[in-house]
Amino acid sequence: MKKKSISFSKTRLFSKLICDFIESDSSLQPFINSFLNMNALNSKLERKKDHRTILSDVLKQQYNDTIFLNTDLSVVNTNVSKLSDNSVYTITTGHQLNIFASPLFLIYKIISVISYANYLNHTLKNVSFVPCFWMASEDHDFAEIQSCNLEGVNYHWELETQDCIGNLSSKSLLKTLIKIKKVLYATDYGKELFTIYHFAYSKNHNYANATRSLLTALFGDYGLVIIDGNHSQLKKIFVPHLKCELTDSFVYKSVSKTNNLLKKKYKPEINPLRDNIFYLFNSIRSKIKFDQKTYFTDHHAKTWNLNELLNEINEFPERFSPNVFLRPLYQELIMPNILYLGGPSEVAYWIQLKKMFNFRHVDYPLIGLRSHFLILSQRISALKNKLGLLDEDLFLDHDNQIKEILTSKSLINMKQELSNFNASLFAFEEKIKFIKGFPIDSFYVFKKRLENEFNRLEKKVLKYDKIKNKDTVTQIKLINQAVFPGHYIQERSESFIPYYIKYGKQFFDALIKESSIFDNKYIILTEED
């Protein structure tokens, strides 16, 4: 694949906060420890992490409980064992357990941690880095993970549940898998992928283990370690923090303070919550609420006073599940993590959490933006070049793409005419102002009326140009559908499946080769065949 890249700001897809984060804007410095660079990484290596042995033992147990298609897990097993060594650090990303490992950006997250680990393992001596994927197995928002878009068709996992996703039976997904079998069987690589899916979902007793099996079949050779935080021994480590949240409400207090500072320049990604712990029992995950007298959930026939709740946390920590604020704290507490790589929304809310980490004396990691890719076929790339679209024009919405192209083809240069029009109005306004006692507001009414008429005329010219250039409009539509299928940016709508069917694991190799390391750019890859 041929590679080009452009700055994030030119895509117009990202908030000011993310663009400033990429540029290491000093106004964000108080909200993080350091911006991501080699100096910051080296300074992090001096600290050590507790709980390594417990983590390594739990991971070994989780891998033993999972049934894998490939019996050779030597690279993964080596990395799991290495985690007990104080000179070994993790580079982590995480996500919900979307069916069939879709959409594309889930794959891009994994590619990013593998790429960073590879680079740092080749660059730094006497230390080692392990790429990790944190499964959001305790999430219970089934609607967010139950569908996969493939060749313009949405396939759904049909199930009614209130349980956390990782506990679900993966066998119930086999009916959906059969529906995409024909698409997968188009090539040998596709048949291979079908076998991977079918084995993972049919042989494992729950969806968390099935996902570990699936991702290991795809990325085990790259050393990816997959962790499920839904484990009693790991939760036991987190007990003091869960209890402190109930007695001190440190999440709400710390995030509120941060947001009050952050919103002077940026819009905070998420607002603080007063209830941040879920109760996970009898196949239901439900938020624990407090009405100033009693703790309760909406879906369990159970209530607690404070002492009863604290006692149950002590005795059964596996019944308690962190939310979006507490999960990062939990994750960093139990892992020797030096760098978390996330998408724009994740980076934005991690920026809100430093005060919370400091309050609980848990190390706040370096934060980085994962790699972003746009993949173009040869046909779409050729159309782009034929129409004279710039790389940044690819990210315009459909109407603005048409306007950009047709304006350049039109006999009337409306941009230039507008400039001339505004210049004339400005000159006229300056003359009017010299007329003593003239009611200037009447000129502004006149000016506004002319501007409205000019806009109407511009739309009529564009409409005429669309009729005259139907083929061009069709070509622009094809480009826009490739970049924004279903009106969502490609990585959030499309699956990796069509590329795996075509390239197999060479697709992952190409992404790893072109992934961003300390250089956040939006990468445009063009297929060569």
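Here we summarise the structure given alongside this text.

**Concerning the nonpolar core**
Step number 1: Ranked by size, the top nonpolar core spans 163 residues in total, and within it Phe219, Phe496 and Ile497 carry the most contacts.
Step number 2: Other than its neighbours up to four places away in sequence, Phe219 contacts Ile107, Ile110, Ile111, Ile114, Leu224 and Phe508.

**Section: the pattern of salt bridges**
Step number 1: Across all of its chains, the model carries 19 salt bridges by this definition.
Step number 2: Note that Asp221 and Lys505 form a salt bridge whose closest N and O atoms lie 3.8 Å from each other. Of the two residues, Asp221 sits in the loop between helix H10 (207–219) and strand E6 (225–228) while Lys505 sits in the loop between helix H23 (497–503) and helix H24 (506–514), which places them 284 residues apart along the sequence.
Step number 3: The salt bridge partner of Asp298 is Lys289, with a shortest N-O separation of 2.6 Å.
Step number 4: Residue classification places Asp298 among the partly exposed positions, given a relative accessible area of 48%.

**Some words on the packing of aromatic side chains**
Step number 1: What the rule picks out here adds up to 40 aromatic pairs.
Step number 2: Between Phe421 and Phe454, the aromatic rings sit 5.0 Å apart at their centres with planes inclined by 25°, giving stacked as the arrangement. With Phe421 in helix H19 (residues 414–432) and Phe454 in helix H20 (residues 440–468), this pair connects stretches of sequence that are 33 residues apart.
Step number 3: The class for Phe421 is buried, based on a relative accessible area of 19%.
Step number 4: You can call Phe454 buried: its relative accessible area is 10%.
Step number 5: Aromatic pair Phe443 and Phe446: ring centres 6.2 Å apart, planes at 45°, arrangement tilted. With Phe443 and Phe446 both in helix H20 and three residues apart, the pair spans about one turn of that helix.
Step number 6: Residue class for Phe443 comes out buried when judged on its relative accessible area of 3%.
Step number 7: Through pairs of rings, three or more aromatic residues link up here, namely Phe219, Tyr222, Phe496, Tyr499, Tyr500, Phe507 and Phe508.
Step number 8: The positively charged end of Arg285 is found above the aromatic ring belonging to Phe278, 3.9 Å away from the centroid.
Step number 9: Positioned above the aromatic ring of Phe105 is the side chain of Arg492, whose terminal nitrogen or guanidinium carbon lies 4.4 Å from the ring centre.

**Quick notes on the sheet that holds strand E12 (residues 320–322)**
Step number 1: Ordered in space as E8-E7-E12, the three strands form an open sheet in which the pairing is antiparallel. Of all the strands in the sheet, just strand E8 (284–287) and E12 have a single pairing partner and so form its edges. Neighbour to neighbour, the strand axes of the sheet diverge by 30° on average, direction disregarded.
Step number 2: Both strand E7 (residues 277–281) and E8 contribute to a ladder of four bridges, which runs antiparallel. Each residue of the ladder has a partner; that of Phe281, found in E8, is Ile284.
Step number 3: Contacts between helix H11 (residues 232–248) and the sheet are confined to E7 and E12, with E12 contributing the most and set at about 80° to the helix.

**Quick word on empty space enclosed by the protein**
Step number 1: Scanning the entire structure with this criterion turns up one cavity of 30 Å³ or more.
Step number 2: The calculated volume of the largest cavity comes to roughly 40 Å³.
Step number 3: Forming the walls of the largest cavity are Gln96, Leu97, Asn98, Ala101, Leu106, Phe133, Thr211, Leu214 and Leu215.
Step number 4: Ranked by the residues each element gives to the lining of the largest cavity, the list is headed by H10, at three residues.
Step number 5: When the residues that make up the lining of the largest cavity are grouped by side-chain class, the tally is six nonpolar, three polar and no charged.

**Overview of the packing of helix H6 (residues 104–123) against H24**
Step number 1: Close contact between H6 and H24 brings their axes to 9 Å; oriented N to C, the two are set at 60°. Compared by their axis directions, H6 and H24 come out oblique. Note that H6 runs across H24; the crossing there is right-handed. Residue-level inspection shows Leu104, Ile107, Tyr108, Ile111, Ile114, Ser115 and Asn118 of H6 in contact with H24, the latter providing Phe507, Phe508, Leu511 and Ile512.
Step number 2: Looking at the contact of H6 with H24 residue by residue, the classes come out as nine nonpolar, two polar and no charged.

**Description of helix H12 (residues 250–262)**
Step number 1: Look at H12: 18 Å from first C-alpha to last across 13 residues, which is about the 18 Å you get at 1.5 Å a residue.
Step number 2: Among the residues of H12, those classed as buried are Phe250, Val251, Ser254, Val255, Ser256, Thr258, Asn259 and Leu262.
Step number 3: Contacts from the buried residues of H12 go to helix H2 (16–22), H11, helix H14 (326–334) and helix H16 (354–359).

**Observations concerning the layout of surface pockets**
Step number 1: Approximately 940 Å³ is the volume found for the largest pocket.
Step number 2: Lining the largest pocket are 39 residues, with Gln96, Asp139, Glu144, Val324 and Arg327 positioned closest to its centre.
Step number 3: Those elements that place two or more of their residues in the lining of the largest pocket are strand E2 (88–95), H6, strand E3 (128–135), E8, H14 and helix H15 (344–350).
Step number 4: Here the lining of the largest pocket gets five residues from one element, more than from any other, and that element is H15.
Step number 5: Split into classes, the residues belonging to the lining of the largest pocket amount to 16 nonpolar, twelve polar and eleven charged.

**Points about the pairing of E3**
Step number 1: Among the eight residues of E3, eight are classified as buried, and the element is accordingly described as predominantly covered.
Step number 2: Alternating residues of E3 divide into Ser128, Val130, Cys132 and Trp134 and Phe129, Pro131, Phe133 and Met135, and every residue in both groups is buried.
Step number 3: Pairing of E2 with E3, which is carried by eight bridges, proceeds in the parallel orientation. When the sheet's bridge partners are listed, Gly94 is paired in E3 with Trp134.
Step number 4: A crossover links E2 with its parallel partner E3, the connecting element being H6, and its sense is right-handed.
Step number 5: Pairing geometry for E3 and E6, over four bridges, is parallel. Paired with Cys132 across the bridge in E6 is Val225.

**Describing the environment of Glu269**
Step number 1: Structurally, the position occupied by Glu269 is in the loop between H12 and E7.
Step number 2: For Glu269, a relative accessible area of 38% gives the class partly exposed.
Step number 3: Along the chain, Glu269 and Glu392 lie 123 residues apart, while their C-alpha atoms are 25 Å from each other.
Step number 4: Setting aside residues up to four positions removed in sequence, Glu269 forms contacts with Ser345, Ala348, Tyr349 and Gln352.
Step number 5: Within the local environment of Glu269, its side chain forms a polar contact with the side chain of Ser345, the two groups lying 3.4 Å apart.

About the thresholds
- Residues numbered from 1 in each chain as written.
- Predicted model: local features only at pLDDT ≥ 70, side-chain atom pairs only at ≥ 80, totals over all residues.
- Heavy atoms only, no water.
- Core = buried A, V, L, I, M, F, W, Y, C linked by side-chain atoms within 4.5 Å.
- Buried < 20%, exposed > 50% of the residue type's maximum accessible area, 1.4 Å probe, protein only.
- Contact = heavy atoms within 4.5 Å.
- Salt bridge = Lys/Arg side-chain N within 4 Å of Asp/Glu carboxyl O.
- Helix = DSSP H or I, 4+ residues; strand = E, 2+ residues; numbered from the N terminus.
- Phe/Tyr/Trp six-rings, centres within 6.5 Å; stacked < 30°, edge-to-face > 60°.
- Lys NZ or Arg CZ within 6 Å of the ring centre and 35° of its normal.
- Pairing = 2+ DSSP bridges.
- Axes fitted to C-alpha atoms, helices over the stretch in contact; angles between N-to-C directions.
- 1 Å grid on protein atoms, 1.4 Å probe; cavity = no way out; pocket = protein on both sides within 12 Å on 5 of 7 lines; lining within 4 Å.
- Points joined across faces, edges and corners; volume = space filled by probe spheres on them.
- Nonpolar A, V, L, I, M, F, W, Y, C, P; charged D, E, K, R; others polar.
- Parallel < 35°, antiparallel > 145°, perpendicular 65-115°, else oblique.
- Left-handed = near helix turned anticlockwise from the far one by under 90°.
- Expected span 1.5 Å × (residues − 1).
- Right-handed = clockwise from strand over helix to strand, strands pointing away.
- Polar contact = N/O pair within 3.5 Å; in protein donor to acceptor, adjacent residues only side chain to side chain.

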